[in-house]
Amino acid sequence: MVSTYRIQGATGEWEVVIGLEVHAQVVSKSKLFSGAATAFGAEPNTQVSLVDAAMPGMLPVPNKECIRQAVRTGMAIEAQINKYSRFDRKNYFYADLPQGYQISQLYHPLVGEGSLTIDADEKAGIAEDKVIGIERIHIEQDAGKLMHDQHPTMSYVDLNRSGVALMEIVSKPDMRSPAEAGAYVRKLRSILRYVGSCDGNMEEGSMRADVNVSVRKPGEEFGTRTETKNVNSVRFVMQVIEYEANRQVDVIENGGTVDQETRLFDPGTGTTRTMRSKEDAHDYRYFPDPDLLPLELEDDFLEECRASLPELPDAKRQRYENELGLTPYNARELTAEVETFGRFETLLGVAAAKIGKSESAVATQVANWALSVAPGVMKSLGDEADASNATAEAQASILAMQDKGEISGGQAKEIYELVLKTGRDPEEIADTEGLKQVSDTGAIEAAIDDIIANNADKVAEYRGGKDKLFGFFVGQTMKAMQGKANPAVVNQILKDKLG
Amino acid sequence: MTDLTNLGVKDIRDGVAGGEFTAREVAEAFNAAVAEAAALNAFIVTTPDHALAAADATDAKRAKGEDLGKMGGVPIGMKDLFATKGVQTTAASHILEGFKPEYESTVSQNLWDAGAGMLGKLNLDQFAMGSSNETSYFGNVTSPWRRSGGANTDMSPGGSSGGSSAAVAARIAPAATGTDTGGSIRQPAAFTGICGIKPTYGRCSRWGVVAFASSLDQAGPMARTVEDCAIMLEAMAGFDPKDATSLKMDVPAWEAGLSADLKGKKIGIPREYRMDGTDEEILKSWEQGKEWLRDAGAEIVDVSLPHTKYALPAYYIVAPAEASSNLARYDGVRYGLRDLPDGAGLQDMYAATRAAGFGDEVKRRILIGTYVLSAGFYDAYYTQAQKVRTLVSRDFAQAFGQCDAILAPTTPTASFPLGENQDDPLAMYLNDVFAVPASLAGLPAMSVPATVNSDGLPLGLQIVGKPFDEQGVLNAGLAIQSRANFTAKPEKWW
C-alpha cells in the first residue's frame, strides 16, 4: 500500500521518506557498566560511581540485566538476536562525557533486523496495517547532563545519567508520513512498555528520537537526508517531519540542494535549525573497546529471555477480537497501553466471577464500561472523584447489578458517581438511594392497565397497525413508574396486553 | 642492621616469620635506604609510615601466632601507575599531579592483604610511555649502575618501570611492582640486572591501574630472584570481577612449583630474533643461555616466528590507538590539572589543560593514536595492525607446538646513557623489539639477568611461555639463574 501523504510543491508532489533512531532508556536498577543506581530525579551527582566519573584506572563491567532487557526487546520485534556482539568506543570530547568516549556498538550490534506493524488508522491516513522494518538495536551508555543556569559564567555537570543503559532502535527508512512516524513511535513505546524494558516516559527523557527526513519525487531515488536530534514527544516528531519535509522541498525547488547535516528542533517555534554540517561532523574514531570482551550469549540465557516475554500488543489485540468477541476498535483501544489492558483484564475477571458467566460472555459489556462509561463518569466529576475508589470490585458489582436487570444504565452511572465520591458499596447505594429498577410485574401491570384504560383511542390505533405508538405506551409507563421500571419487563407486559 | 637491605622477598618473609628480625626493623632499614637514595629519583613520593604500619601489623600478627601472609613483613615499592588510596597517584604526569584516589587498585590491595607494606610510589615514564624513564614529569630516574672504567655518565634504568628497576637494583626496595605494555617490566629488569615477569594477560587485575593500552597492560613483580618474583606474583594475581578481561582461573602455587630441572622440556630458539643491529655481546649471552638450559636438561630446538618484524610497527599502532582514547578522560573537568585561561570556553580549557598536563612523548602517542583511528586511515592502520597481532599470536601458537618455552634476548642492547636516544623516538622504540611480540600475544614472559657486558652493565635473557604457563617460564628462569650466578651489583655512588 503506497502512502498518499504528499507535500504539494511548486513543481508537483513530493514524497517524504522517514527513518527514526529511537533511544530508549533500559529499565534496570543499575547502569550499563557500573553498579550505580539509575532512579530519575535524584539530587545531582548522587548516583555516580568511580566508573561513571571515569576516574583513573576504572573499568567497565557489563550489567547482565541491561543485556537481557535489550535481548527481550529484540525478541519482541521478532528480530535476529546476535549471539556474538561487541562494544566499541565512540570518541569525542564533551563535559558531560567523562570517559571522553561513549561505549556503544557500531560494528556488531546485539540485535539485528526485525520489524513492527503499525495499525491502520483511517483518520490519520493510514489505510491499512503497515510493517516497518527495524535495522538493528544496539546498547550504549547515556551521557551526563550539563546545567547552564546555575552560575553566571560556568556550566555545571550532573553525572547521574552518565553510564545509564540505552537501547538505540534504528528503523529502516520505511515511513512515508508524519502520521506513520507517530504511529511507529507509539507502537514501539507500547511494545517496550509491554516488555518492561523501557518505561517509555518521553517527558523524563526515557525515550527520545533522532528523526531522519528526506524528500523525493514519488518513485525516484532517496534524497539527501537530514537528522534532527533528541526529539522527545510524538507530536514533536511529527512536527519535525512536517517542517523538514516542507523546508527541503522549498530548498530544492528554489534551486538549492539539501545538506546532509545534523539539526536541532525548537519546540517553541516548531522549526529546526542547523546544529552541525557534514564538514563539521565529528570523526568518532570508533574502535573495539579493549576493556571489554565480546559478548557471547548462551542458549540457556536466550531461552530464559524468550520465556519471560509477556503477551505482546498484536497478539493480545487478536485474542480480544477472536476470543472475547470485542470490536476491532475496542480491542485496539484496550491493548494500546499496559495500564489500560491491565485494568481491563482485572475488571473482566472480577466481573465474570460476580456475574457468574464466562469472560467472553461479559467481555463486550465490560469493555464498553471500561472504555466509555467509567471514564465518562470519572471525567464529569473532575476533582470530586477519588480515583482510589475505582476498584475492580466496586465496578464489577455495578456491572453485575446491571446484568441482572436490577439497575438501568443511567442508574449504573449514578451509582458509580457516588462510589467515586464516597467509596461506598454500590449495592448499598442502590438500596438506600432508591437507585433500583422496579421489576415487580404487579406494580407495572397496574400502571399499564391504567394507561390502556385512559388511552382507548391510541390502543385502537396501535391495534389497527400503527406500531410506532408502542413507544408512546413505554414512555407513559416509565413516566408513571418515575423512570424506575425495568424496561425489559415493561416491554414484555405491554406486548402481552396490547396484543 | 643495614644488611637487611640486601635481603629479598623470600629471605625477609622467612626471617620475619622465623623471628630472626622484626618486620619493623626491615621497614626502618629500607625507609632509611630510600631516604638516602634521593639522587636516583626512583620515588615520586615516599610513604615510610605506610611501610611501618604494615610492618607493625605483621609483627603483631606474629606475636599472636597468626598467618603472616605471602608477603608478610616485606616492604615494597609501588609503581606510581597503581592507584593507592589517599596517596598521590600521578602516572608521572603533571595532569595528575596532586591526585589522591579514593580507592586502592586491586593489585596493590592484594599485596597489602598479603602482608606487604609500601615504601613509596615509584617513578616511571609518563603514563608508562617510554623505554628509558626520561619522560616522567618528575624527572629522570638514574640507574644505580654505571659503566666500568670510571665514567660517571648517568645511565638509563630502562622504562617504563624505571623507578622500580632502579630501586630494586639499588637495594632500596627488595621488590617492586611493575607494569608491562610492550616490555616495561622486562626491559628495565634487563637493564638493571634484576628479574621481572609479565604474566599472561588477565592474570593481574587492571582495576585501579592507570590505563595506557588496555589490551596489552599487565602488572607483574620485579625483584632480584626468580623465587621472589614467584612469591610476589602469587600475591598480586587473581580473578577480579571488577575487570572484565580478568582471567577466571585459580592462582597456581608458583613458589611451591619451582624447579630448575628441565628434563623433558623443549626450549625454542626463534631464528627471526637474530636481527641486524643486535649487540654481539647480547648474542653471545643468548648462546650462553642455550647452554645453561641444555645443561638443565632441556632440549634446544629451532623455531620460527615469521611475523616478528611486523610486531613492533603493529604495536606502535595498537598501543597509541588505545592510549589516545584511554587518556581522553584527563580533560580538566573532574580531577587533576585544570588550565582555564581567562574567558576560555570548554574547548579552550581542554586544549590548555592537555597542552600543559601531558609531556611530549604522551602527546606524540595521542597524536599517532588519533591518526590511526581516523576515518579513512582506520583500515590501513588499525585493522591491519590487528591482523598482524593475530598473525603474531598464531606464530607463537605454532611454535609452542614444537617447544614448551622460548628463549630470546630481552633487549637488543644494554642500558644506554640518559639523553642518548631522547631525540630519536624510533631508536627508543626499537629497544622493545624483542619484548613486544609476547605482549601482542598476551603471553607470560620474564627477564632474568644473565651476565654483565664489557662495560660492566647487566644483560638479560627473556623466556616466553605458553598462555597460563607462568610456572614453565619461572622454572626456565630458575634454571638460568642457578647457572648464571649473577652476583654483580651496582657500586653505591648515591
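Thresholds applied
- Residues numbered from 1 in each chain as written.
- Chains lettered and ligands numbered in written order.
- Predicted model: local features only at pLDDT ≥ 70, side-chain atom pairs only at ≥ 80, totals over all residues.
- Helix = DSSP H or I, 4+ residues; strand = E, 2+ residues; numbered from the N terminus.
- Rg over C-alpha atoms; globule rule 2.2 N^0.38 Å.
- Buried ≥ 20, exposed ≤ 12 C-beta atoms within 10 Å, placed from the backbone.
- Contact = placed C-beta atoms within 7 Å.
- Domains from an automatic or database assignment.
- Nonpolar A, V, L, I, M, F, W, Y, C, P; charged D, E, K, R; others polar.
- Core = buried A, V, L, I, M, F, W, Y, C linked by C-beta atoms within 7 Å.
- Expected span 1.5 Å × (residues − 1).
- Arc of directions from axis to C-beta.
- Pairing = 2+ DSSP bridges.
- Bend = angle between axes of the 7 residues up to and from the residue.
- Axes fitted to C-alpha atoms, helices over the stretch in contact; angles between N-to-C directions.
- Parallel < 35°, antiparallel > 145°, perpendicular 65-115°, else oblique.
- Left-handed = near helix turned anticlockwise from the far one by under 90°.

Participant: Provide a residue-level description of the overall build of chain B, including the pertinent values.
Facilitator: Scanning chain B from N- to C-terminus turns up 15 helices and 11 strands. Relative to a compact globule of 494 residues, whose C-alpha radius of gyration would be 23 Å, chain B shows 21 Å and is just as compact. The dimensions of chain B, computed from C-alpha atoms along their principal axes, are 65 × 55 × 50 Å. Residues classed as buried in chain B amount to 62% of the 494 residues present. Residue pairs in contact within chain B that sit at least 24 positions apart in sequence constitute 78% of those at least 6 positions apart.

Participant: Give me the lowdown on the overall build of chain A, citing residues and values where you can.
Facilitator: Scanning chain A for helices and strands turns up 15 helices and 16 strands. Here the C-alpha atoms of chain A give a radius of gyration of 30 Å, more than 25% beyond the 23 Å that 2.2 N^0.38 yields for 499 residues. Overall, the C-alpha framework of chain A stretches about 95 × 55 × 55 Å when taken along its three principal axes. Counting all 499 residues of chain A, 41% fall into the buried class. Expressed as a percentage of contacts within chain A between residues at least 6 apart in sequence, the contacts between residues at least 24 apart total 69%.

Participant: Run through the domain arrangement of chain A, naming residues and quoting values.
Facilitator: Residue and element names in this part refer to chain A. Parsing chain A into structural domains produces domain 1 (7–305), domain 2 (313–432) and domain 3 (441–498). Domain 1 and domain 2 are separated by 38 Å when their C-alpha centres are compared. Taken together, the six residues of domain 1 in the interface contact six residues of domain 2. Among the residues forming the side of domain 1 that touches domain 2, the class breakdown is two nonpolar, two polar and two charged.

Participant: Pulling in residues and values, what's your account of the nonpolar core?
Facilitator: Core analysis: the biggest nonpolar cluster contains 228 residues, and Ala70, Val237 and Ile241 of chain A together with Ile76, Ala175, Met232 and Leu293 of chain B have the highest contact counts within it. The element contributing the most residues to this core is helix H9 (residues 308–326) of chain B, with 10 residues. Leaving out residues up to four positions away in the same chain, alanine 175 of chain B has contacts with Gly8, Val9, Val74, Ile76, Val168, Pro221, Met222, Ala223, Asp228 and Met232 of chain B. Within the second largest apolar cluster, 36 residues are counted, among which are Leu326, Ala367, Trp369 and Leu435 of chain A.

Participant: Run through the interface of chain B and chain A, naming residues and quoting values.
Facilitator: Contacts between the two partners involve 34 residues from chain B and, on the opposite side, 26 residues from chain A. At the level of secondary structure, the elements contributing two or more residues to the side of chain B that touches chain A comprise H9, helix H10 (346–357) and helix H11 (360–373) of chain B. Among the elements that line the side of chain B that touches chain A, the one with the most residues is H9 of chain B, at three residues. The residue makeup of the side of chain B that touches chain A, split by class, is 18 nonpolar, nine polar and seven charged.

Participant: Now, about helix H12 (residues 441–454) of chain A: what can you tell me, with residues and values included?
Facilitator: Residues and elements named next belong to chain A. Across its 14 residues, H12 extends 20 Å between first and last C-alpha, which sits within 8% of the 20 Å expected from 1.5 Å per residue. Residues Ile444, Ala447, Ile448 and Ile451 constitute the buried set of H12. Down the axis of H12, the buried set is contained in an arc of 100°. They therefore lie on one face. Among the exposed residues of H12, those pointing more than 90 degrees away from its buried face are Gly442, Ala446, Asp449 and Ala453.

Participant: Lay out the environment of leucine 146 of chain A with the relevant residues and their values.
Facilitator: All names here are of chain A. With respect to the element layout, leucine 146 can be found in strand E8 (residues 145–147). You can call leucine 146 partly exposed: it has 14 C-beta atoms within 10 Å. C-alpha separation for the pair leucine 146 and leucine 159, spaced 13 residues apart in sequence, amounts to 8.7 Å. With sequence-adjacent residues up to four places away left out, leucine 146 is seen in contact with Ala95, Asp96, Ser155 and Val157.

Participant: Now, about the sheet that holds strand E5 (residues 101–104) of chain A: what can you tell me, with residues and values included?
Facilitator: Residue and element names in this part refer to chain A. Judged by pairing direction, the sheet is antiparallel, and its three strands sit side by side in the order E5-E4-E15 without closing on themselves. In this open sheet, the two strands that pair with only one neighbour each are E5 and strand E15 (287–288). Bridge analysis of strand E4 (residues 88–91) against E15 gives two bridges, and the strand direction is antiparallel. Looking at the pairing, arginine 89 lines up with phenylalanine 287 of E15.

Participant: So, H9 of chain B: which residues are in play, and what are the values?
Facilitator: Counted at 1.5 Å a residue, the expected span for H9 of chain B with its 19 residues is 27 Å, and the 27 Å between its end C-alpha atoms agrees. In the structure, H9 of chain B departs most strongly from a straight axis at alanine 314 of chain B, where the bend amounts to approximately 30°.

Participant: Just give me the short version of the packing of helix H7 (residues 226–236) of chain B against helix H15 (residues 470–484) of chain B, but keep the residues and values in it.
Facilitator: All names here are of chain B. Direction vectors running N to C along H7 and H15 enclose 160°, while the axes themselves pass 9 Å from each other. Taken together, the axes of H7 and H15 are roughly antiparallel relative to one another. Seen from H7, the contacting residues are Val226, Cys229, Ala230 and Leu233; seen from H15, they are Glu470, Leu474, Gly477, Leu478 and Gln481. In the contact of H7 with H15, the residues fall into six nonpolar, two polar and one charged.

Participant: Before we move on, could you go through the packing of H9 of chain B against helix H12 (residues 379–399) of chain B and cite the residues and values that matter?
Facilitator: All names here are of chain B. It is at 9 Å that the axes of H9 and H12 come closest, and there the two elements cross at 125°. Classified by the angle their axes make, H9 and H12 are oblique. Here H9 runs over H12; the crossing is left-handed. Of the residues in H12, those in contact with Tyr310, Ala311, Ala314, Ile317, Val318 and Ala321 of H9 are Tyr381, Tyr382, Ala385, Val388, Arg389 and Val392. Residue composition of the contact of H9 with H12, grouped by class: 11 nonpolar, no polar and one charged.

Participant: Account for the pairing of strand E7 (residues 130–141) of chain A, naming residues and giving values.
Facilitator: Here is the key point about a regular strand: its side chains alternate between the two faces of the sheet. Residues and elements named next belong to chain A. Both strand E6 (residues 114–118) and E7 contribute to a ladder of five bridges, which runs antiparallel. Following the sheet pairing, serine 115 is matched in E7 by glycine 133. Across seven bridges, the pairing between E7 and strand E10 (residues 165–171) is antiparallel. Residue pairing across strands places isoleucine 134 opposite serine 171, the latter belonging to E10.

Participant: Mind laying out the environment of glycine 73 of chain B, listing which residues take part and the relevant values?
Facilitator: All names here are of chain B. Among the structural elements, glycine 73 can be located in the loop between helix H3 (48–63) and strand E2 (75–79). Considering only alpha carbons, one finds glycine 73 and isoleucine 12, 61 residues apart in sequence, at a separation of 6.9 Å. Not counting residues up to four positions away in its chain, the partners in contact with glycine 73 are Ile12, Arg13, Val16, Ala23, Val26, Ala55, Thr58, Leu68 and Gly115.

Participant: So what's going on with the pairing of E10 of chain A? Residues and values would help.
Facilitator: Residues and elements named next belong to chain A. Most of E10 is tucked away, with five of its seven residues classed as buried. The sheet contact formed by strand E2 (residues 12–25) and E10 spans five bridges and is antiparallel. Among the inter-strand pairings, glutamate 21 is bridged to a residue of E10, identified as valine 170.

Participant: I'd like a rundown of the environment of isoleucine 67 of chain A, residues and numbers included.
Facilitator: All names here are of chain A. The residue isoleucine 67 is located in helix H1 (residues 64–76) in this model. Classification of isoleucine 67 by C-beta neighbours within 10 Å gives buried; the count is 21. It is 7.8 Å that separates the C-alpha atoms of isoleucine 67 and isoleucine 139, two residues lying 72 residues apart in sequence. Once residues lying within four places of it in the same chain are set aside, the contact partners of isoleucine 67 are Pro62, Leu110 and Leu295.

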